Amino acid sequence: MAANKNSDGPCFATIDGNEAAAYVAYRTNEVMAIYPITPSSPIAEWCDQWASEGKRNLWGTLPAIVEMQSEGGAAGAVHGSLQTGALSTTFTASQGLLLMIPNMFKIAGELLPAVFHVTARTVATHALSIFGDHSDIMAARSTGWAMLGAASVQETMDFALISQAAALRASLPFVHFFDGFRTSHEVAKIQLLPDEVMRALMDDTVIAERRARAMSPDHPVLRGTAQNPDAFFQGREAANPVYALCPDITQQVMDQFASLTGRHYKLFDYVGAPDAQRVLVIMGSGAEVAHEAVEHLNRRGEKLGLVKVRLYRPFDSARFLRALPASVKAIAVLDRTKEPGAAGEPLYQDCVTALAEDRSGGPRQPPLIVGGRYGLSSKEFTPAMVKAVFDNLAAPAPKNHFTVGITDDVSMTSLPVEADFSTEPDDVIRALFYGLGSDGTVGANKNSIKIIGENTPYCAQGYFVYDSKKSGSMTVSHLRFGRQPIRSSYLITRANFVACHQPVFLERYDMLRNLVPGGTFLLNSPFSREEIWPRLPTPVQRALLDRRARFFIIDATSVARASGMGGRINTIMQVCFFALSGVLPKDEAVEAIKQSIKKTYGRKGDQIVQMNLKAVDNTLANLFEVPLTGPVNGTGDFLPPVTADAPPFVRDVLGELAAGRGDELPVSAFPRDGTFPTATAQFEKRNLALDIPVWNEAICIQCLKCTVNCPHATIRAKVCQPALLEGAPPTFKSAAARAPEWKGLRFVLQVAAEDCTGCMLCVEVCPARDKTENKRKALNLQPQAPLRLSERDNWNFFLALPELDRRKINPALLRQQQVMQPLFEFSGACAGCGETPYLKLLTQLFGDRAIMANATGCSSIYGGNLPTTPYAKNADGRGPAWCNSLFEDNAEFGLGFRISLDKQRELAAELLPKLAGALGDDLVGALLQSSQADETEIAAQRERVAALKQKLGRLDSPDARLLLSLADQLVRKSVWIIGGDGWAYDIGYGGLDHVLASGRDVNLLVLDTEVYSNTGGQMSKATPRGAVAKFAAGGKPGRKKDLGLIAMAYGQVYVASVALGARDDQTLKAFVEAESYPGPSLILAYSHCIAHGIALDAGVGARQQKMAVDCGQWLLYRFDPRRADRGENPLQLDCPPPKVGVQDYLLSENRFKMLTLSKPDAARQLFAGAQTDATDRRNLYQFLLGRDLKAAAAPSVRAKTPAAEPPA
Amino acid sequence: MDLTTTYLGLKLRTPLVCAASPLSQQLDNLKRMEDAGAAAAVLHSLFEEQLRHDSLELQDTLERGALSFPEALSYFPEPEEFELGPDEYLAHIERAKQAVNIPVIASLNANSAGGWTSFARGIQDAGADALELNIYHIPTDAKQTAGDLEAMYIQIVRDVRAEVTIPVAVKLSPFFTNFANVAARLDQAGANGLVLFNRFYQPDIDIETLEVRPNILRSTPMAMRLPLRWIAILYGRLAASLAATSGVHSGGDVLKMLLVGADVTMLCSALLRDGIQKISVVERELVAWMEKHEYESVRQLKGSLSQRNCADPAAFERAQYMRAITSHPASATELP
């Protein structure tokens, strides 16, 4: 943590809310049971990092940190730790907090003091959201925990300590919460709490008393009893005095805190006019916004007040009432949650109750009170909205149960908001930066905040908005610097400085709409100051002229290259910002940046430092002002977010979301149950690739390794009659099909140039080389821009070519199978993703009858994060039906699909004979007896079902109508349960195990990246020994769990371990076999990942998979219980014994290699262990392979029908 | 039997030294070398280029994908310290010095002027008994002259010599127009020893994948002919010690090298193939030969068949080559 300290003044640091909470939690606890969940994961990561660095807590000991398998597990472990006397904590949010609730009831019931630090986050309902509101806190409010809410980064640090101290003194557990992202991820300059203050508040006597109450065989007691009607109720009421005392104790702690730090807090803090008539009640970061708005409005003559709720539970009605001014006439209570069906939202209800119960006998009239909702899932909450709430209170009949911040044209709950109202003070420097995830913009801005925080008296705030896509994502940084404390917990809409770090954004986003008149616009552009003007989009030219802006350009990419920095322009753009913004004198700023570079990059080697220093020196000479004298002669309007052929919903709703204008959509634009159309990613032409593969049909051997490995379905093959190619665009290519079965047909390989991410995997895996010039392959990269238009035509022509009849494709032969249409395309996964090729393959094979349960994680984000989805439909309108339930329950969720579908199919099958007279025995018999074992059979069954529906339509009986609604179930559905290793190995393992044991016909696909990828690479039980991961900074000490072996032990589960990049044919076999197996199937799919520390976007994934297999680190095998029926060993090993050791593989991935740089001794030891793991495992499988199972052959226990009896 | 010899001013028990190889990366192996009778051990090379590569790669890993996606703002924990400099190598020297009593010779391959001197100083400070400069350079620039290259070699030796006080050896390739001249100039520049010769990683072709792959072949006794000739020629002409490496696989090979004038012989491929224990076998073979032929000391036989001392000095020069051709039983097209 960067901190600075004046000689005797307070110590400041520029940190975010998560670090602020971690700072206190780490110092004041002894045991931490943790589990990653956004947005709280960084708290645990900080603690783990400090522990790995040997940092001690207040009592000089290293806190014990243990990662659990779920939040439920973390809460259980904390519960146990508390019962045995250690100061214990955990960190969580949203669904994680919900999983803790059972233990939270217990912990509170047992009066065990602890603090859970919660980054308040939306609970998933019609959709998952990672962003902030209080729905999780409110879901936990009945657990009996005290709840203290912080509104800013400073308060997060302060309240982390206050809650810790109050919990011990009150003997009650506290939830300390602060708003997810808005506070947890906001970087601000705050005063650090000195250790002396923490020590003063953490009362040793109280801690000793607490320890004395801990369970011990030295003074044994019994807790957790079961009680009967005669005792429970009284016991429950016995704790009342503890709750009654808690508010007073908390206030005493706050008062003591104030005496030590000068920062005063009250359980209910009042701000505003002492004689206010209209008062707003609110908690969380919105309180800061309201504070700013109230002060602003009162300066304009209003008499408004604000009550900031700090201690939400126990709700101290008396203090709440005392906080209200006597003059109050009308109160609005804002809740950042929604409780459908309730009489009002929770905080509102508490306030209403307090007022209704007010018997203080004061002379005042009971004030009017209304409640409203705001800010769900981090929806912007601005001073204009605060004003709207006060305006509502001033109305003759104020709207109750209103919403603010959206346009509700369905239930008409929303308040009108004045778009132009702003409280942004003029003396605050406000800057917006648009960058690409990979260009270091956010890092540079975080660094700038630190520099300014540490070198000036300025207060500083940084907030960062990220993309929901992982490849080619845009980041927007919002930075404020001012002399007064910054309470503006909302995005900047009036910037003095706007910087566009990537020229490609110009054609798509209206970045200048937030620039104030006379503001500065900085553009990174390859064009010179003389060339740039006519190359700007017309609206950009107009905005610059209208605003009389100052316009600067720099060719940062060239400066970066010249400085040896490759594509990283962060330092250069940072220097430009300092040069233009005037926050610091230029020379001082440059010196500060250089110092910061030495500090930031020093430990990564002097070379990096020198490159960055060179970049600083090269920047100012290349920064130019462009005079605004040109005519309005730009390149035209902004590009539309979706293509012109998009359906209306995609264009009008999803397109607006994609364009960043979703906030402007009204309620009526949205489905009420969270249902969205599929096949929508095709309309977002993201044009991410700088270079795309170009096919050389003369060299190509038509093996289709390119298509099977392509993570984005942007390179595809078809075969067709030559006549269909007549009228093809001039540059459209084809070749004679090489497969004997397709003699006379033309083979086409086509790239979707505008959807390709340029990940290079296809080029890397292409085995066909030019015989005279080895470096040329059948696929070679060429710049995308010159090819964009011609390839767009070619792609559209390709799409219009008919798909080959699936009955003519042998799905067991990769070079044939790969012409099947992918029904998963253009996802927002990382460029070069190792997971998505498996999903694409799945949809090619079974997509037209697949129903998918997807555990939360990467695959649910690139699969189902708005605005668009990669899941697609074929020409018949069929395609995967997809749903995400939760992280932890996915196997059970998918099993539910199977049970439901089987039941409906069974009912249909029961009805068919009853209606045989009308339907015909032949049709009924064929429908019931169809094996549906292959595409031909499935197509035939579909035809029968179509005939059935036609006949049923003519029948008028309850049975016929019932059967009509069930008829489609007669076509076999393929149930897929999909998730990552975090789900399968850890949080969802119990359910997965149960589903495997169920015998039901479900297919479980585990996309094993060997870490929690989506939350940033935390260790899972799939992490191999020696890998560096979050929570395993010293290398994972233990062996990877062998999930496949566990599943095989059931004997009735089909199990396969595959690595597509190593052996695509084996992967294909496994998918086909798994799907055809009439019981549970488990596929463990090795998925290379950005969290492996590999150059994912340079196409190395397949190579890494092959290395992993070649050295025995990853085994390829298939375990098919059907083989046992034939007297064969069900296990087949599909990889030869390793000829090389694992060391070379380990050193080829930085997740392992970096251990040699951080802990060389541990690396040596763990790498040796990794070799032992691989050897032992191979030997074990070899042993299993050698078993003679004929003697032991027992009658099959596998499910032969979908209705197999589940275990009791 | 006196097997002692002096190399780089270091008095050694025998002329059997372990050459730089991956084996010396592990302390256990160094102990086993000592136990097997090695008189000294050269550590694996510290490669400056590798350190720079590691640094850039680490930076790339820590930044790739970071600060792009709200749920995963980073993908790796960032320890406060990375051992990106030579620290681990230097610590290895220190540990090696504590683990064994035989001299420990460090090996350095730098690729910048500052790198050679600063790393050399670090190596000395870490306690190495001597330093071997592994000047691994494949010139491909047609504009660079032999003179330029040789001057660069000489300068490196001068710079390092000025920086450290421990003995400095230079491990060289044979690819010089006039090796004798280069050797003499390195000698004058202050090199305390020449190690002849370095065997580079040479590219190979995988005929299945049609890819070029760097590959190292273990030396065979054939490889010793080149150092044998040059040691024979240089013996007695330089102040610097001479170490023979490449193709030394048996006691006989050691003898040949000593006879032409090597102060020590360095073993690598033989140990990789037959195990570290091979050193004791080689020593026994050496002793057996000396006993059989009634030699009392290594000193006695050292250089006795060098160009200067042998009966047929021309045998080490081109004439010998001509004779080999003419006396070869097969046709002249099948040259050895």
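Just so it is clear, the model here is predicted, and its values are computed rather than measured.

Here's the deal with the overall build of chain B
And then number 1: When helices and strands are tallied, chain B shows 12 helices and 12 strands.
And then number 2: Taking the principal axes of the C-alpha coordinates as reference, chain B spans close to 80 × 45 × 45 Å.
And then number 3: Looking at chain B as a whole, 52% of its 336 residues are labelled buried.
And then number 4: A separation of at least 24 residues holds for 70% of the contacts in chain B among residues at least 6 apart in sequence.
And then number 5: On chain B, roughly 15300 Å² of surface is accessible, and the fraction owed to carbon and sulfur atoms is 51%.
And then number 6: Each charge sign in chain B was given a centre, from 30 positive and 42 negative side chains, and these centres are 10 Å apart.

What to know about the interface of chain A and chain B
And then number 1: At the interface, 57 residues of chain A touch 38 residues of chain B.
And then number 2: The three residues of chain A that bury the most area against chain B are A:Arg603, A:Lys604 and A:Leu1157, which together make up 18% of that side's buried surface.
And then number 3: Here chain A is connected to chain B by seven salt bridges.
And then number 4: With its nearest N and O atoms 2.9 Å apart, the salt bridge here joins A:Arg1164 to B:Glu88.
And then number 5: Residue assignment for the side of chain A that touches chain B shows that the elements contributing at least two residues are α15 (441-455), α20 (606-619), α40 (1150-1158) and α41 (1160-1185) of chain A.
And then number 6: When residues in the side of chain A that touches chain B are grouped by element, the largest group, seven residues, is from α40(A).

A closer look at α40(A)
And then number 1: With nine of nine residues buried, α40(A) is to be regarded as a mostly interior element.
And then number 2: All buried positions along α40(A) are accounted for by A:Asn1150, A:Arg1151, A:Phe1152, A:Lys1153, A:Met1154, A:Leu1155, A:Thr1156, A:Leu1157 and A:Ser1158.

Thoughts on the sheet that holds strand β6 (residues 115-120) of chain A
Across a sheet, strands are paired by hydrogen bonds formed along the backbone, either parallel or antiparallel in direction.
Residue and element names in this part refer to chain A.
And then number 1: Spatially, β4-β3-β5-β6-β8-β7-β13 is the arrangement adopted by the seven strands of the open sheet, whose pairing is mixed. Only two strands of the sheet have a single neighbouring strand rather than two, namely β4 (64-67) and β13 (311-313). In this sheet, adjacent strand axes meet at a mean angle of 20 degrees when their direction is disregarded.

Describing the confidence of the model for chain B
Residues and elements named next belong to chain B.
And then number 1: Predicted confidence across chain B gives a mean pLDDT of 90, with 94% of residues reaching 70 or more.
And then number 2: Counting interchain partners and residues more than four positions distant, the pLDDT-below-50 stretch residues 328-336 has four contacts.
And then number 3: Both confidence scores are given for the complex: pTM 0.94, ipTM 0.93.

Topic: the state of the cysteines
Residue and element names in this part refer to chain A.
And then number 1: Under the defined criterion, the tally for this structure stands at zero disulfides over all chains.
And then number 2: The cysteine Cys830 is free of any disulfide, with Cys833 supplying the nearest cysteine sulfur at 6.4 Å.
And then number 3: Cys830 sits in the buried class, given a relative accessible area of 13%.
And then number 4: Here Cys1089 stays unpaired: no disulfide links it, and the sulfur of Cys858, its closest cysteine neighbor, is 6.1 Å away.

Quick look at the sheet that holds strand β10 (residues 268-272) of chain A
Residues and elements named next belong to chain A.
And then number 1: Taken in spatial order, the six strands of this open sheet run β10-β12-β11-β14-β15-β16, and their pairing is mixed. Because the sheet does not close on itself, it has two edges, and the strands there are β10 and β16 (402-404). Adjacent strand axes in the sheet meet at a mean angle of 25 degrees, parallel and antiparallel pairs treated alike.
And then number 2: Relative to β16, strand β15 (residues 368-374) runs parallel, the two sharing three bridges. Bridge pairing in β16 links Arg373 to Thr403.
And then number 3: Its contacts with the sheet put helix α11 (residues 286-299) on β10, β11 (278-282), β12 (304-309) and β15, and the angle it makes with β12 is roughly 165 degrees.
And then number 4: With respect to the sheet, helix α14 (residues 383-394) is in contact with β11, β12, β14 (330-335), β15 and β16, its orientation differing from that of β11 by roughly 130 degrees.

Let's talk about unusual backbone geometry
And then number 1: A cis amide bond links A:Thr38 to the next residue, A:Pro39, at an omega of 0 degrees.
And then number 2: In this structure, A:Pro39 sits in the loop between β3 (31-34) and α2 (41-52).
And then number 3: The peptide bond linking B:Leu196 to B:Phe197 adopts the cis configuration, its omega dihedral lying at 0 degrees.
And then number 4: Position of B:Phe197 among the secondary structure elements: in the loop between β8 (193-196) and β9 (202-206).
And then number 5: Positive phi, close to 60 degrees, is recorded for A:Ala679, a residue that is not glycine.
And then number 6: Even without a glycine there, the phi angle at A:Leu704 is positive, about 65 degrees.
And then number 7: Residue position: A:Leu704 is located in the loop between β24 (691-695) and α22 (705-709).

Looking at the environment of A:Leu201
All names here are of chain A.
And then number 1: Along the polypeptide, Leu201 turns up in helix α7 (residues 195-201).
And then number 2: Leu201 sits 35 residues away from Ala166 along the chain, and the two C-alpha atoms are 8.8 Å apart.
And then number 3: Beyond its immediate chain neighbours, meaning those up to four positions away, Leu201 contacts Leu161, Ala165, Arg169, Val253, Gln256, Phe257 and Leu260.

Examining the pattern of salt bridges
Residue and element names in this part refer to chain A.
And then number 1: This structure, assessed with the given rule, holds 87 salt bridges over all chains.
And then number 2: The shortest N-O distance in the salt bridge between Asp652 and Arg651 comes to 3.0 Å.
And then number 3: Here Asp652 falls in the partly exposed class, since its relative accessible area comes to 38%.
And then number 4: Judged by relative accessible area, Arg651 falls into the partly exposed class, the value being 40%.

Brief notes about the nonpolar core
And then number 1: A:Phe320, A:Trp976, A:Trp983, A:Leu1004, A:Leu1005, A:Phe1071 and A:Leu1082 are the most contacted members of the largest nonpolar core, which has 250 residues in total.
And then number 2: Ranked by residue count, the leading element in this core is helix α6 (residues 153-170) of chain A, at 11 residues.
And then number 3: B:Ala128, B:Leu133, B:Leu186 and B:Val260 belong to the second-largest nonpolar core, a separate cluster that totals 83 residues.

A closer look at the packing of aromatic side chains
And then number 1: Here the structure, examined in full by the defined rule, presents 42 aromatic pairs over all chains.
And then number 2: Between the aromatic rings of A:Phe887 and A:Tyr1012, the centroid separation amounts to 6.2 Å while the plane-to-plane angle is 80 degrees, which identifies the pairing as edge-to-face. Placement of the pair is A:Phe887 in the loop between β30 (881-883) and α28 (890-914) and A:Tyr1012 in strand β33 (residues 1011-1012), with a sequence separation of 125 residues. For the pair formed by A:Phe887 and A:Tyr1012, the shared burial category is buried.
And then number 3: For the ring pair B:Tyr153 and B:Phe176, a centre distance of 5.3 Å and an interplane angle of 90 degrees mean the geometry is edge-to-face. Of the two residues, B:Tyr153 sits in helix α5 (residues 146-163) while B:Phe176 sits in the loop between β7 (168-172) and α6 (179-189), which places them 23 residues apart along the sequence.
And then number 4: Judged by relative accessible area, which is 14%, B:Phe176 ranks as buried.
And then number 5: Three or more aromatic residues joined by ring pairs form one cluster here, namely A:Phe433, A:Phe481, A:Phe497, A:Phe577 and A:Phe578.

Here we look at helix α1 (residues 17-27) of chain A
And then number 1: Most of α1(A) sits out of view: 11 of its 11 residues are buried.
And then number 2: Its side-chain oxygen placed 3.2 Å from the backbone nitrogen of A:Asn18, A:Asp16 serves as the N-cap of α1(A).

Some remarks on the pairing of β7(B)
The side chains of a regular strand alternate between both faces of the sheet.
Residues and elements named next belong to chain B.
And then number 1: A large share of β7 lies buried, amounting to five of its five residues.
And then number 2: Where burial is concerned, the two faces of β7 agree: the one with Val168, Val170 and Leu172 and the one with Ala169 and Lys171 are both buried.
And then number 3: Sheet topology places β7 next to β8; four bridges connect them, and they run parallel. Each residue of the ladder has a partner; that of Leu172, found in β8, is Leu196.
And then number 4: Traced from β7 through α6 to β8, the parallel crossover comes out right-handed.

Some thoughts on the packing of α5(B) against α6(B)
Residue and element names in this part refer to chain B.
And then number 1: Relative to each other, α5 and α6 sit at 20 degrees, their axes nearing to 9 Å. Comparing their axes, α6 and α5 come out roughly parallel. Pair α5 / α6 crosses with right-handed handedness. Contacts between α5 and α6 involve Glu150, Ala151, Tyr153, Ile154, Val157, Arg158 and Arg161 from the first element and Asn181, Val182, Arg185, Leu186 and Ala189 from the second.
And then number 2: Residues that form the contact of α5 with α6 fall into these classes: seven nonpolar, one polar and four charged.

Rules behind the numbers
- Residues numbered from 1 in each chain as written.
- Chains lettered and ligands numbered in written order.
- Predicted model: local features only at pLDDT ≥ 70, side-chain atom pairs only at ≥ 80, totals over all residues.
- Heavy atoms only, no water.
- Helix = DSSP H or I, 4+ residues; strand = E, 2+ residues; numbered from the N terminus.
- Buried < 20%, exposed > 50% of the residue type's maximum accessible area, 1.4 Å probe, protein only.
- Contact = heavy atoms within 4.5 Å.
- Areas by Shrake-Rupley, 256 points an atom, 1.4 Å probe, with all protein chains shown as cover.
- Lys, Arg positive; Asp, Glu negative; His and termini not counted.
- Charge placed at Lys NZ, Arg CZ, Asp CG, Glu CD.
- Buried area = accessible area lost by both parts, 1.4 Å probe.
- Salt bridge = Lys/Arg side-chain N within 4 Å of Asp/Glu carboxyl O.
- Pairing = 2+ DSSP bridges.
- Axes fitted to C-alpha atoms, helices over the stretch in contact; angles between N-to-C directions.
- pLDDT = per-residue confidence, 0-100.
- Disulfide = S-S within 2.5 Å.
- Core = buried A, V, L, I, M, F, W, Y, C linked by side-chain atoms within 4.5 Å.
- Phe/Tyr/Trp six-rings, centres within 6.5 Å; stacked < 30°, edge-to-face > 60°.
- Polar contact = N/O pair within 3.5 Å; in protein donor to acceptor, adjacent residues only side chain to side chain.
- Right-handed = clockwise from strand over helix to strand, strands pointing away.
- Parallel < 35°, antiparallel > 145°, perpendicular 65-115°, else oblique.
- Left-handed = near helix turned anticlockwise from the far one by under 90°.
- Nonpolar A, V, L, I, M, F, W, Y, C, P; charged D, E, K, R; others polar.

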